[in-house]
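Here are the chains, one letter per residue:
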Amino acid sequence: MKEYGIYINGKWVPSESGQVFETVSPIDGKVLATFPKGTAGDVHRAIDAAEAAFPMWKRTPAPKRGEILLRAAQLMRQYKQELGELVTSEMGKVIAEGKGDVQEAIDFMEYISGEGRRMLGETTPSELPNKFCMTLRQPIGVVGCITPWNFPMAIPTWKIGAALISGNTIVFKPSSLTPLCVARLIEILEEAGLPPGVINYVTGGGGSVGMEIVKNPRVKAISFTGGVPTGREIYAAAAQHLKPVELELGGKNPQIVMEDANFDLAIEGVLFGAFGTAGQRCTATSRLIIHEPVYDEVLGRLIERTRNFKIGNPLDPRIDVGPVADQGQRDSIMEYIEIGRGEANLALGGEQCTGGEYDKGYYIQPTIFETEHGSRISKEEIFGPVLSVIKAKDFEDAVRIANDIEYGLSSSIYTRDVNLAFRAVDMLETGITYINAPTIGAEVHLPFGGTKNTGNGGREAGTSAIDEFTEIKTVFVDYSNRLQKAQIVDEL
């Protein structure tokens, strides 16, 4: 077990609190490391370091910043097996997905490093002669990044990579469930040559550390991924200083299966979408909407496939579903399952796994409910291996059910009818739509985010990632050697 400090100005140092907490594996309860319970004072020290490093980092040419990020990606590729096992040990997703989490981090770092040679503005004609107009991007300054536990390598990298290539310096707070993964990422950035003070890392509670980052006027922008209630609180607090906030929040994502679909493919999709990462994804397939004529057949085949899932230690590559993240997460999911028992038909699962090795961790059976649209479990985000199956009369009814929700992150439809597919793309009220694929599977070179209560309009990944961490400066160059007045016409 390793004892970490907080990371300020290129050094691991103690917190002024003198207190620590443990990060514990959900697999077996093993303590993996200890981290400080940070304070507002620690955040102030981190901001001091980030402010001091900002002028130098801003002046560093963006292609040179990209070279450091590319070296970090190369190191992550070199350490991929180790990092994948770390993700699985600390968070609980099966090892293939743990390594997939790392691969997504590698992919994004490689991708965003190239933005250092683009960072595109625009040029446009002036309405006046002998005048040149353009825009350019400039970093915002010290930015705050706050991340969840379910993708402890990929999501931090999305924020860190985009902020750094844009020339910002960072104060970073991880989830207290997965601080070790992010600490390892910090070590890799240091090994890649990131200068001291450019990223600073403070662990601890949301009230003491997270909200201090949000409320401090010296932090100029916030990027947050997490739950809707916390997102609202952050948005309101940051508004006191008119600072920009990018929020990526919840989802209750539908997969529609029409009567002409490839059923084998659709079932593979929902199994991966609903029960991958034990359902703990904001893009998880939490609602399966089946066209009425094929409802019984699709549901029966889905239940049979799910019944054969292997649940256990996710470091074993033969395992299909690992534990959920911690006891609090397990208890919350089980509360929703009890709600489901009272308002829906339990078709499969619904129990904690007990006995032997299960008693050391937090394991829940993959659970399927036959649900009426409008019930709590069909509309509220559960964030666990719980799937609501809903019958739809036709395509229009399926889309109505899919859209009648407070979230709008991801959606999916399985059909061989190209006309229905393109109508779905147009009609589904989500930021992401998949055709004949599950609701998960985002790629790093495309924007990621949603509508409604899923966020506040921003997008991560792709070139949109740069928008979050830059300000646009408009530049006018007048080479006419005389005063020219736009919009003003001299009258005789």
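We now turn to the structure provided with this report.

Looking only at helices and strands, the chain has 15 helices and 22 strands in total. Here the chain has a C-alpha radius of gyration of 24 Å; the compact-globule value for 492 residues is 23 Å, and the two agree. Here the C-alpha coordinates of the chain stretch approximately 80 × 65 × 40 Å along the principal axes. Relative to its 492 residues, the chain shows a buried fraction of 58%. Counting every atom, the chain has about 20100 Å² of accessible surface; 50% of that belongs to carbon and sulfur.

Turning our eyes to something else, we now look at the sheet that holds strand 4 (residues 20-24). Consider a sheet: its strands pair through backbone hydrogen bonds, and that pairing is either parallel or antiparallel. Across the sheet, 3 strands lie side by side as 1-5-4; this open sheet has mixed pairing. The sheet terminates laterally at strand 1 (2-3) and strand 4, the two strands that pair on one side only. Bridge count between strand 1 and strand 5 (residues 31-36): 2 bridges; the pairing is parallel. When the sheet's bridge partners are listed, Glu3 is paired in strand 5 with Thr34. Along the sheet face, helix 6 (residues 179-191) touches strand 1, strand 4 and strand 5 and points at about 70° away from the line of strand 5.

Another aspect to go through is the packing of helix 4 (residues 95-114) against helix 5 (residues 154-165). In contact at an axis separation of 8 Å, helix 4 and helix 5 are set at 10° when each is read in the N-to-C sense. Accordingly, the angle class assigned to the pair helix 4 and helix 5 is roughly parallel. The handedness of the crossing between helix 4 and helix 5 comes out as right-handed. Contact residues: helix 4 offers Asp101, Glu104, Ala105, Phe108, Met109, Ile112 and Ser113, while helix 5 offers Ala154, Thr157, Trp158, Ile160, Gly161, Ala162 and Ile165. Each residue belonging to the contact of helix 4 with helix 5 can be placed in one class, and the counts come to 9 nonpolar, 3 polar and 2 charged.

Our focus in this paragraph is empty space enclosed by the protein. In total, this model carries 3 cavities of 30 Å³ or more according to the counting rule given. Of the voids in this model, the largest cavity is the one considered here, and its volume is about 100 Å³. Lining the largest cavity are 14 residues, and of these Gly279, Ala284, Ser286, Ile382 and Phe383 lie nearest its centre. Empty space within the second largest cavity amounts to approximately 60 Å³. Contributing to the lining of the second largest cavity are 15 residues, with Pro254, Ala402, Tyr407, Gly408 and Thr430 lying nearest its centre. When residues of the lining of the second largest cavity are traced back to their parent elements, those giving at least two are strand 13 (253-257), helix 13 (395-403), strand 18 (407-408) and strand 19 (410-414).

To continue, consider the side chain of Glu115. By the element assignment, Glu115 lies in the loop between helix 4 and strand 6 (123-125). On the basis of relative accessibility, which here comes to 5%, the residue Glu115 falls in the buried class. Contacts of Glu115, omitting those with residues within four sequence positions, involve Ile165, Thr463 and Ile466.

Right, let's get into the sheet that holds strand 7 (residues 131-139). Judged by pairing direction, the sheet is antiparallel, and its 3 strands sit side by side in the order 6-7-22 without closing on themselves. If you trace the sheet from one side to the other, it starts and ends with strand 6 and strand 22 (470-478), each paired once. When strand polarity is set aside, the average angle formed by the axes of neighbouring strands in this sheet is 25°. Bridging between strand 7 and strand 22 involves 9 bridges; their strand directions are antiparallel. For Arg137, the partnering residue across the bridge sits in strand 22 and is Ile472.

This part covers the side chain of Asp397. When you line up the elements, Asp397 lands in helix 13. Asp397 sits in the buried class, given a relative accessible area of 13%. Engagement of the side chain of Asp397 in a polar contact is seen with the backbone nitrogen of Lys393, the distance being 2.9 Å. Those residues within four positions of Asp397 in sequence are excluded, and the remaining contacts are Lys391 and Ala392.

Before going further, it helps to examine the packing of aromatic side chains. One pass over the structure, following the stated rule, counts 12 aromatic pairs. With centroids separated by 5.6 Å and ring planes inclined at 85°, the aromatic side chains of Trp149 and Phe383 adopt a geometry described as edge-to-face. With Trp149 in the loop between strand 8 (142-146) and helix 5 and Phe383 in the loop between helix 12 (376-379) and strand 17 (386-392), this residue pair connects regions lying 234 residues apart in the sequence. A single burial state applies to Trp149 and to Phe383, both of which are buried. Ring pairs connect the aromatic residues Tyr4, Tyr7, Trp12, Phe21, Phe35, Phe172 and Tyr201, which therefore count as one cluster. Its guanidinium or amino end placed over the ring of Phe151, Lys93 lies 3.5 Å from that ring's centre, counting from NZ or CZ. A cation over an aromatic ring shows up here: Arg184 above the ring of Tyr79, its NZ or CZ 5.1 Å from the ring centre.

What follows deals with a nonpolar patch on the surface. A cluster of nonpolar side chains, namely Phe132, Val477 and Tyr479, defines an oily patch on the protein surface of about 290 Å² accessible area. On the secondary structure map, Tyr479 appears in the segment after strand 22.

So, on to the layout of surface pockets. Approximately 740 Å³ is the volume found for the largest pocket. Lining the largest pocket are 33 residues, with Phe224, Gly226, Gly227, Val228 and Thr230 sitting closest to its centre. Secondary structure elements with two or more residues in the lining of the largest pocket: helix 7 (206-215), strand 11 (221-225), helix 8 (228-239) and helix 11 (327-343). Sorting elements by how many residues they give to the lining of the largest pocket places helix 8 first, with 5 residues. For the lining of the largest pocket, the class distribution of residues is 14 nonpolar, 12 polar and 7 charged. Empty space within the second largest pocket amounts to approximately 350 Å³. Looking at the second largest pocket, it is lined by 22 residues, and the ones nearest its centre are Glu104, Phe151, Arg281, Gly441 and Ala442.

Basis of the calculations
Residues numbered from 1 in each chain as written. Predicted model: local features only at pLDDT ≥ 70, side-chain atom pairs only at ≥ 80, totals over all residues. Heavy atoms only, no water. Helix = DSSP H or I, 4+ residues; strand = E, 2+ residues; numbered from the N terminus. Rg over C-alpha atoms; globule rule 2.2 N^0.38 Å. Buried < 20%, exposed > 50% of the residue type's maximum accessible area, 1.4 Å probe, protein only. Areas by Shrake-Rupley, 256 points an atom, 1.4 Å probe, with all protein chains shown as cover. Pairing = 2+ DSSP bridges. Contact = heavy atoms within 4.5 Å. Axes fitted to C-alpha atoms, helices over the stretch in contact; angles between N-to-C directions. Parallel < 35°, antiparallel > 145°, perpendicular 65-115°, else oblique. Left-handed = near helix turned anticlockwise from the far one by under 90°. Nonpolar A, V, L, I, M, F, W, Y, C, P; charged D, E, K, R; others polar. 1 Å grid on protein atoms, 1.4 Å probe; cavity = no way out; pocket = protein on both sides within 12 Å on 5 of 7 lines; lining within 4 Å. Points joined across faces, edges and corners; volume = space filled by probe spheres on them. Polar contact = N/O pair within 3.5 Å; in protein donor to acceptor, adjacent residues only side chain to side chain. Phe/Tyr/Trp six-rings, centres within 6.5 Å; stacked < 30°, edge-to-face > 60°. Lys NZ or Arg CZ within 6 Å of the ring centre and 35° of its normal. Patch = residues over 30% accessible without salt bridge, like charges linked within 9 Å, V, L, I, M, F, W, Y side chains within 5 Å. Salt bridge = Lys/Arg side-chain N within 4 Å of Asp/Glu carboxyl O.

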